[in-house]
Amino acid sequence: MNQEFTVAKFGGTSVADHAAMSRCADIIAADSHVRIVVVSASAGVTNHLVALCQTGLSNEERQAHIDGVIAIQLNIIECLSLDADLAHGFDTTLNDFKHSASHSTQNVPLTNVQRDELLSFGERLSSYLFTQVLRDKGVASSRFDVRSVLKTDSQFGKAQPDITQTRIRAQAELVPLLSEQVVVTQGFIGSDEYGETTTLGRGGSDYSAALLAEACGASNIHIWTDVIGIYSTDPRLCNKARPIAHLTFDEAAEMATFGAKVLHPATILPAARSGIGVFVGSSQDPQGGGTWIEKVPSSELIAGVRAVTQRKNQLLLTLKSPEMLLASGFLARVFTILSEYKISVDLVTTSEISVAVTLDNAPNASRPELDQEALERLGEFCHVSVETNLALVALIGSEIQLRQSELNLMRVLSGFDIRLICHGASKHNLCFLVEQGQSDQVVQAIHQQLLEQA
Ligand code: ADP
Ligand code: ASP
Ligand code: MG
């Protein structure tokens, strides 16, 4: 492709039914720069698929989830007449889904390979239907199986992309198609070196769009969702939350990392690495504006707190050792063990004889359970305590310093039980842990105090 082009991604609610898909197709038809379209599963489908991966479902429960997936497809297909190529692929994929879902009839847990295969059907199905909706609007388009280009490692459920392989394959197999037509492909899924289907983690379609944009050399990524941009906090939690017109890559990356569900945490990495601008807007209100995320010269940075986020299900691990007094190597020993067990740490604070780290214990985290064996290894040389039911609240912005407005924060927080505070390593965030039951209130209070003035 010689000309500049855009990758557009449409999330689950944007492709929930025929009317929603039709609005998205209008957006694409009106913007000739859009050459690659990445779609999520229709809203609700991936939740059914996740449920089907569980053991211990009754036959009725299992059938209800299978029927749920099928009903969402049929509801859309009722409004369409599929072209022969799409009809054949769709029917085959729907049959494969029914076959895969039947594996879960035994009360034996699915293997990781079977699990990711089953989870992939939502995007595989929605992409057939979306292609037809686009063709019905007169847009020349074809469906492309992203698994032939988006290559990953074999960490099923949380696969890491192979950037080089993905670029080589995308340049060879995907880019040549773009001059003739719009290519509709799947978010969330990829394949490993053995050709097994992998998934990038819940919400991973945003990341897919950014990876494909980087691999194909796109100049923009448009993320179409159900809100008109990235807000100062989750608009569902706070009705005074406001969309932010411009964010830097760093600010957006920190927001995504620390819980703003509107973007998958890794989305900004490829965009920032390759200088690709990201727009976030609402497919229900495409004229309603949105957020642009791009590189901002330091002279134009808006200093201070711009947003507040939260991430629930955090775990605090405190390791205490008298050996730490004047002893070197304690931290190295602790972090070596954490890395051996692939335990990824977020916040860290230390005192003279202890170190406290927070871990993401969310059900969709890469490592949902803290490994018992890791705890035993740590317990050999220090006292270990584990606290749960915590939420990580993060103030996000640029050049965050403890000026008067941020100090007001302490007054806001005085009524709450704050477990740990972290600030200083990055000027983009100030984070703390609170009891999970209080975190919504804490976010609302901070938003009111720091982000609703004037
Ligand atoms: P999609 O299915 O399009 O990927 P998601 O549900 O993953 O959409 O993300 C959009 C949702 O993210 C919004 O409906 C909103 O509730 C939530 N959200 C959380 N934090 C923020 C924020 N700071 N700004 C905007 N939306 C947010
Ligand atoms: N369908 C997947 C999910 O619901 C991926 C995505 O929508 O981004 O998590
Ligand atoms: Mg999402």
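Check the entry above for the structure.
These numbers come from a predicted model, not from an experiment. (Residues numbered from 1 in each chain as written. Chains lettered and ligands numbered in written order. Predicted model: local features only at pLDDT ≥ 70, side-chain atom pairs only at ≥ 80, totals over all residues. Heavy atoms only, no water.)

(A) View of the site of ligand 2. In the vicinity of ligand 2, the contacting residues are Ser40, Ala41, Thr46, Glu123, Phe188, Arg202, Gly203, Gly204 and Ser205. In the environment of ligand 2, a nitrogen atom lies 2.6 Å from a nitrogen or oxygen atom belonging to the side chain of glutamate 123. Contact distances for ligand 2 include 2.6 Å between an oxygen atom and a side-chain N or O atom of arginine 202. Surface burial for ligand 2 is 87%, taken as the share of its 270 Å² of free accessible area covered by protein chains. When grouped by side-chain class, the residues that make up the shell around ligand 2 number 2 nonpolar, 5 polar and 2 charged. (Near = heavy atom within 4 Å. Polar contact = N/O pair within 3.5 Å; in protein donor to acceptor, adjacent residues only side chain to side chain. Areas by Shrake-Rupley, 256 points an atom, 1.4 Å probe, with all protein chains shown as cover. Nonpolar A, V, L, I, M, F, W, Y, C, P; charged D, E, K, R; others polar.)

(B) Summary view of the sheet that holds strand 4 (residues 182-186). Reading across the sheet, the 8 strands line up as 3-4-2-1-7-9-10-8 and stay open at both edges, with mixed pairing between neighbours. Only two strands of the sheet have a single partner each, and these edge strands are strand 3 (141-143) and strand 8 (246-248). Between one strand axis and the next, the sheet turns by 20 degrees as a mean value, whatever way the strands run. (Pairing = 2+ DSSP bridges. Helix = DSSP H or I, 4+ residues; strand = E, 2+ residues; numbered from the N terminus. Axes fitted to C-alpha atoms, helices over the stretch in contact; angles between N-to-C directions.)

(C) Region of the structure containing the packing of aromatic side chains. Per the counting criterion, the structure on display carries 6 aromatic pairs. Ring centres 6.4 Å apart and planes at 85 degrees place the aromatic pair phenylalanine 90 and tyrosine 128 in the edge-to-face group. Here phenylalanine 90 is found in helix 4 (residues 84-102), whereas its partner tyrosine 128 is found in helix 6 (residues 121-136), with 38 residues between them in sequence. Of the two residues, phenylalanine 90 and tyrosine 128, neither departs from the other in class, the shared state being buried. Between phenylalanine 279 and tryptophan 292, the ring centres sit 5.3 Å apart and the planes meet at 55 degrees, which makes this aromatic pair tilted. Here phenylalanine 279, found in strand 9 (residues 277-282), pairs with tryptophan 292, found in strand 10 (residues 290-294); they are 13 residues apart in sequence, far enough to count as distant. Judged by relative accessible area, which is 11%, phenylalanine 279 ranks as buried. Seen from the ring of tyrosine 128, arginine 143 lies directly overhead, with NZ or CZ sitting 3.7 Å from the centre. Over the aromatic face of phenylalanine 381 sits the side chain of arginine 333, whose NZ or CZ is 4.1 Å from the ring centroid. (Phe/Tyr/Trp six-rings, centres within 6.5 Å; stacked < 30°, edge-to-face > 60°. Buried < 20%, exposed > 50% of the residue type's maximum accessible area, 1.4 Å probe, protein only. Lys NZ or Arg CZ within 6 Å of the ring centre and 35° of its normal.)

(D) Spotlight on the site of ligand 1. Residues in contact with ligand 1 amount to 17 residues; listed here are only the nearest, Thr225, Asp226, Tyr231, Arg236 and Lys261. Considering ligand 1 on its own, with 580 Å² of exposed area, one finds that the protein chains cover 91% of that surface.

(E) Region of interest: unusual backbone geometry. For asparagine 313, which is not glycine, the phi torsion reads 55 degrees and is therefore positive. Even without a glycine there, the phi angle at lysine 342 is positive, about 50 degrees. Locating lysine 342 in the fold gives a position in the loop between helix 11 (330-340) and strand 12 (345-350).

(F) Quick look at the side chain of threonine 309. Along the chain, threonine 309 falls in strand 11 (residues 304-320). On the accessibility criterion, threonine 309 (5% relative accessible area) is buried. At 2.9 Å, the side chain of threonine 309 forms a polar contact with the backbone oxygen of phenylalanine 258. Ignoring anything within four residues of it in the chain, the contact list for threonine 309 reads Met255, Phe258, Gly259, Ala260, Leu392, Val393, Ala394, Ile396 and Val443. (Contact = heavy atoms within 4.5 Å.)

(G) View of the environment of glycine 379. With respect to the element layout, glycine 379 can be found in helix 12 (residues 372-379). The exposure class assigned to glycine 379 is partly exposed, which follows from its relative accessible area of 41%. Considering only alpha carbons, one finds glycine 379 and serine 321, 58 residues apart in sequence, at a separation of 9.9 Å.

(H) Structural detail: the side chain of serine 42. Turning to its location among the elements, serine 42 is positioned in the loop between strand 2 (34-39) and helix 2 (45-52). In this view, serine 42 contacts Gly12, Val15, Ala16, Met21, Ile72, Ile76 and Ser126; residues no more than four positions away in its chain are not counted.

(I) Examining the nonpolar core more closely. With 100 residues, the main nonpolar core has Phe10, Val37, Phe97, Leu118, Phe130, Ile221 and Ile293 as its most contacted residues. Apart from the residues within four sequence positions on either side, valine 37 is in contact with Ala8, Phe10, Ile28, Phe130, Val182, Val183, Val184 and Thr185. Grouped together as the second largest cluster of nonpolar side chains are 19 residues, Val305, Val308, Leu430 and Val434 included. (Core = buried A, V, L, I, M, F, W, Y, C linked by side-chain atoms within 4.5 Å.)

(J) Spotlight on the packing of helix 3 (residues 59-77) against helix 4. Across the interface, helix 3 lies against helix 4 with an axial gap of 11 Å and an inter-helix angle of 170 degrees. Between helix 3 and helix 4, the interaxial angle falls into the category roughly antiparallel. Contact with helix 3, carried on its side by Arg62, Ile66, Val69, Ile70, Gln73 and Ile77, involves Phe90, Leu94, Phe97, Lys98 and Ala101 of helix 4 and no other residues of that element. Of the residues belonging to the contact of helix 3 with helix 4, the class tally is 8 nonpolar, 1 polar and 2 charged. (Parallel < 35°, antiparallel > 145°, perpendicular 65-115°, else oblique.)

(K) Representation of the sheet that holds strand 13 (residues 354-360) in the model. If you walk across this open sheet you meet the 6 strands as 12-13-11-14-16-15, and the pairing is antiparallel. Two strands bound the open sheet, and with one partner strand each, they are strand 12 and strand 15 (418-423). Put simply, the sheet's adjacent strands are angled 30 degrees from each other on average, direction ignored. Two elements, strand 14 (residues 383-398) and strand 16 (residues 429-435), share 7 bridges in a ladder whose sense is antiparallel. From the neighbouring strand, alanine 394 faces strand 16, where its bridge partner is cysteine 431. Where helix 11 meets the sheet, it contacts strand 11, strand 12 and strand 13, and its direction lies at approximately 165 degrees from that of strand 12. This element, helix 14 (residues 439-451), spans strand 11, strand 14 and strand 16 of the sheet and lies at about 145 degrees to strand 11.

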